[in-house]
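Observations on the three-dimensional arrangement
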Amino acid sequence: MSVKNIDDYIATFPKGTQTVLKKLRATIRKAAPKAEETINYQIPTFTLQGNLVHFAAFKNHIGFYPTPSGIEKFKEELSVYEGAKGSVKFPLDKPIPYALITKIVKFRVQENLERAAAKGKRKQTPSKL
């Protein structure tokens, strides 16, 4: 499956899954209004000073990929879900935790902005020879 944008991606799924994906996209957009949408690794991606979060739909779950730091920061709240170092699976037969997703995305925005600011400060510091 090769898609050009998130709309194309969402359109490839059954109606029920499309509804969840649209709400997930809107949730991320609201939490990170300055983020840009793209497709990376053939899945929807939001970027802001680097990758912010990715998501993907599967037969029985939504995969959400907020990087290992996003998983670690919210590991207690995410402990009820299957996951890995940088991902979590939200089952489609259970309510999607949109409020938690909002908190994770806001954390990732702050993390990326702080990292970008730190990089900017290093660039401005003259190196000692």
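Here, the structure is the one placed above.
A brief look at the structure comes next. (Residues numbered from 1 in each chain as written. Predicted model: local features only at pLDDT ≥ 70, side-chain atom pairs only at ≥ 80, totals over all residues. Heavy atoms only, no water.)

1. Describing the nonpolar core
Generally speaking, nonpolar side chains in soluble globular proteins are found buried as a group. Defined as follows: Side-chain atoms within 4.5 Å link the members of a nonpolar core, which is a set of buried Ala, Val, Leu, Ile, Met, Phe, Trp, Tyr and Cys residues. A 1.4 Å probe rolled over the protein chains alone gives each residue an accessible area, and that area as a share of the maximum for its type sets the label: buried under 20%, exposed over 50%, partly exposed in between. Strands are runs of DSSP state E lasting at least 2 residues, helices are runs of H or I lasting at least 4, and numbering of each runs from the N terminus. Note on contacts: a residue pair qualifies if any of its non-hydrogen atoms lie within 4.5 Å across the two residues.
Counting residues in each nonpolar core, the largest one holds 35 residues, and the members touching the most others are Tyr9, Ile28, Phe64, Ile101 and Val105. The leading source of residues in this core is helix α5 (residues 98–124), at 6 residues. In contact with Ile28, not counting residues within four places along its chain, are Phe46, Val53, Phe55, Phe64, Ile101 and Val105.

2. What to know about the sheet that holds strand β5 (residues 82–84)
Operational definition: The rule for pairing is simple: two strands pair if DSSP sees at least two bridges between them. Axis lines are fitted through C-alpha atoms, for helices just across the contact stretch, and the angle between N-to-C directions can take any value from 0 to 180 degrees.
One open sheet holds the 6 strands; their spatial order is β1-β2-β3-β4-β6-β5, and the pairing between them is antiparallel. In this open sheet, the two strands that pair with only one neighbour each are β1 (36–40) and β5. Each neighbouring strand pair of the sheet contributes to a mean axis angle of 25 degrees, computed without reference to strand direction. Pairing geometry for β1 and strand β2 (residues 43–47), over 5 bridges, is antiparallel. When the bridges of β2 are listed, Glu36 appears paired with Thr47.

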